[in-house]
Amino acid sequence: MSMTLFLILCLNGLQYGMLLFLIAAGLTLVFGVMGFINLAHGVQYMVGAYLVFAYVQLTGNFVWAALFSVCTALVFGLLLEYLIFRHLYTRSHLDQVLATFGIIIFLNELAKVVFGPTTLSIAPPEFLSGSIQLTETLRYPVYRFFTIVAGLAVALALFFTVSYTRIGMLIRAGATTPEMVSALGVNIQQLFMIVFGVGAMLAGFAGIIAAPIFAIEPGMGDNILIVVFVVIIIGGIGSIGGAFVASLLVGLIDTLGRSFATIILSEVFSPSFANQIGPALASMLIYILMAAILVFRPKGLLPAKGVP
């Protein structure tokens, strides 16, 4: 493997990891603070992608479309919390799984009705098109750099908010002793609503910035949700830092593993067989890593403080 290809794979892994982090950050907060299993979190990623597509058609400007989409994703998440999810907080995890799975089916079918079953796509904004010359033989798309920078900016903002602000203190306290926080006069229901809305907004934002890169289609959030659950298990439930580290690990392992597995197998088998089997075997690596973490560090790499 050439150094140029290796650098491209590393950058692609970082970009994929940043998208995973944007989704995992919201899910780990919802799961860690509220103890709520939200399988519909991945569908909010799909909603963000469809929103930016619709707003681009209306405005013709990606920046305005992205701003409108983020706001709409936040409102959509708050409405879901108010109308549906808050009635499930005291129910069993099985009830939560069944209810949120029903929401996945409903929204996927609604996307087919409104936008059709075909794959959609949008172009990146003009000022983020083109590529940057990194080395003599390597040019990398500007928009993919933007996704990496955007993910890092959100990670810093979340870390600062959770670690150094009053709302962050309440979120951390609510994740460990919600009864005590409520007894001190804090509206725990309102806190849960804020956490859920921010989580939905982050998942929607991930869909917004992923729309110019990946295909927009019904069910696009289902597969990525499985990987996001792997991320929060590896990183530690309720831990923003853990979600960040685990997202980078999973992104790099998945991206590099697919190429290295194919190269290694091609030394033994035919190239066509290696191209078919290599990516499948490589995708198992993140689950093997998750299994190892569960055995040796069941709380995750960077568990949230106060997690029993």
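Residues numbered from 1 in each chain as written. Predicted model: local features only at pLDDT ≥ 70, side-chain atom pairs only at ≥ 80, totals over all residues. Heavy atoms only, no water.

(A) Representation of the overall build of the protein within the structure. Counting secondary structure elements, the protein contains eleven helices and two strands. Starting at the N terminus and ending at the C terminus, the protein contains elements arranged as α-α-α-α-β-β-α-α-α-α-α-α-α. Against the globule reference of 19 Å for 308 residues, the protein gives a C-alpha radius of gyration of 20 Å, in line with a compact fold. By principal-axis analysis of the C-alpha atoms, the protein measures approximately 65 × 50 × 35 Å. Classification of the 308 residues of the protein by burial places 46% in the buried group. Considering only contacts in the protein between residues 6 or more positions apart, those separated by 24 or more positions represent 77%. (Helix = DSSP H or I, 4+ residues; strand = E, 2+ residues; numbered from the N terminus. Rg over C-alpha atoms; globule rule 2.2 N^0.38 Å. Buried < 20%, exposed > 50% of the residue type's maximum accessible area, 1.4 Å probe, protein only. Contact = heavy atoms within 4.5 Å.)

(B) Main features of the packing of aromatic side chains. For the structure shown, the criterion picks out 14 aromatic pairs. Each residue in the set Phe36, Phe85, Tyr89, Phe192 and Phe196 is aromatic and connected to the rest through ring pairs, giving one cluster. (Phe/Tyr/Trp six-rings, centres within 6.5 Å; stacked < 30°, edge-to-face > 60°.)

(C) Representation of the packing of helix H1 (residues 3–34) against helix H5 (residues 142–164) within the structure. Following both chains from N to C, one finds H1 and H5 inclined at 40 degrees, their axes separated by 9 Å at the closest point. Taken together, the axes of H1 and H5 are oblique relative to one another. Handedness of the H1/H5 crossing: left-handed. Only Arg144, Phe145, Thr147, Ile148, Gly151, Leu152, Val154, Ala155 and Leu158 of H5 make contact with H1, whose side of the interface consists of Leu11, Asn12, Leu14, Gln15, Met18, Phe21, Leu22 and Ala25. (Axes fitted to C-alpha atoms, helices over the stretch in contact; angles between N-to-C directions. Parallel < 35°, antiparallel > 145°, perpendicular 65-115°, else oblique. Left-handed = near helix turned anticlockwise from the far one by under 90°.)

(D) The arrangement of the pairing of strand E1 (residues 131–135) in detail. Examined bridge by bridge, E1 and strand E2 (residues 138–141) share four bridges and lie antiparallel to one another. By the bridge assignment, Ser131 is partnered in E2 with Pro141. Here E1 folds back onto E2 in antiparallel fashion, the turn holding two residues. (Pairing = 2+ DSSP bridges.)

(E) Local environment of helix H2 (residues 41–59). In a regular helix each residue adds 1.5 Å, so 19 residues correspond to 27 Å; H2 covers 27 Å between its end C-alpha atoms and thus fits that length. Of all the 19 residues making up H2, 14 are buried; the element is thus mostly covered by neighbouring parts of the structure. Just beyond H2, the residue with positive phi is Gly60, at close to 75 degrees. (Expected span 1.5 Å × (residues − 1).)

(F) Region of the structure containing the pattern of salt bridges. Here the structure, examined in full by the defined rule, presents four salt bridges. Linking Asp95 and Arg91 is a salt bridge whose minimum nitrogen-to-oxygen distance equals 3.2 Å. (Salt bridge = Lys/Arg side-chain N within 4 Å of Asp/Glu carboxyl O.)

(G) View of the nonpolar core. If you look at the biggest cluster of nonpolar residues, it comprises 80 residues, and the most contacted ones within it are Met34 and Phe85. With 13 residues, the single largest contributor to this core is H1. Ignoring sequence-local partners within four residues, the contact set of Phe85 consists of Phe36, Asn38, Ala40, Leu80, Thr100, Ile103 and Phe196. Among the nonpolar cores identified, the runner-up in size contains five residues, and Leu11, Met18, Tyr140 and Leu248 belong to it. (Core = buried A, V, L, I, M, F, W, Y, C linked by side-chain atoms within 4.5 Å.)

(H) Examining the side chain of Thr147 more closely. With respect to the helices, strands and loops of the structure, Thr147 is situated in helix H5. For Thr147, a relative accessible area of 1% translates into the label buried. A polar contact of 2.6 Å, which involves the side chain of Thr147, links it to the backbone oxygen of Arg144. Setting aside residues no more than four positions away along its own chain, Thr147 makes contact with Gln15, Met18, Ile209 and Ile213. (Polar contact = N/O pair within 3.5 Å; in protein donor to acceptor, adjacent residues only side chain to side chain.)

(I) Examining the environment of Met220 more closely. In this structure, Met220 sits in helix H9 (residues 220–235). Taking the C-alpha atoms as reference points, Met220 and Thr4, separated by 216 residues in sequence, lie 30 Å from one another. Each residue touching Met220, except ones within four places of it in the same chain, is listed here: Tyr45, Met46, Ala49 and Ala215.

(J) Structural detail: the side chain of Thr100. Here Thr100 is to be found in helix H4 (residues 93–115). Residue classification places Thr100 among the buried residues on the basis of a relative accessible area of 0%. Within the local environment of Thr100, its side chain forms a polar contact with the backbone nitrogen of Leu39, the two atoms lying 3.3 Å apart. The contact partners of Thr100, leaving out residues within four places of it in the chain, are Phe36, Ile37, Asn38, Leu39, Ala40 and Phe85.

(K) Broad picture of the packing of H1 against H9. Relative to each other, H1 and H9 sit at 70 degrees, their axes nearing to 9 Å. In this view, H1 runs roughly perpendicular relative to H9, as classed from their interaxial angle. Judged by the sense of rotation from one axis to the other, the crossing of H1 with H9 is right-handed. On H9, the residues touching Tyr16, Leu20, Ile23, Ala24, Leu27, Thr28 and Phe31 of H1 are Ile224, Leu225, Val227, Val228, Phe229, Val231 and Ile232. Counted by class, the contact of H1 with H9 contains 13 nonpolar, one polar and no charged residues. (Nonpolar A, V, L, I, M, F, W, Y, C, P; charged D, E, K, R; others polar.)

In short, geometric facts, not functional conclusions.
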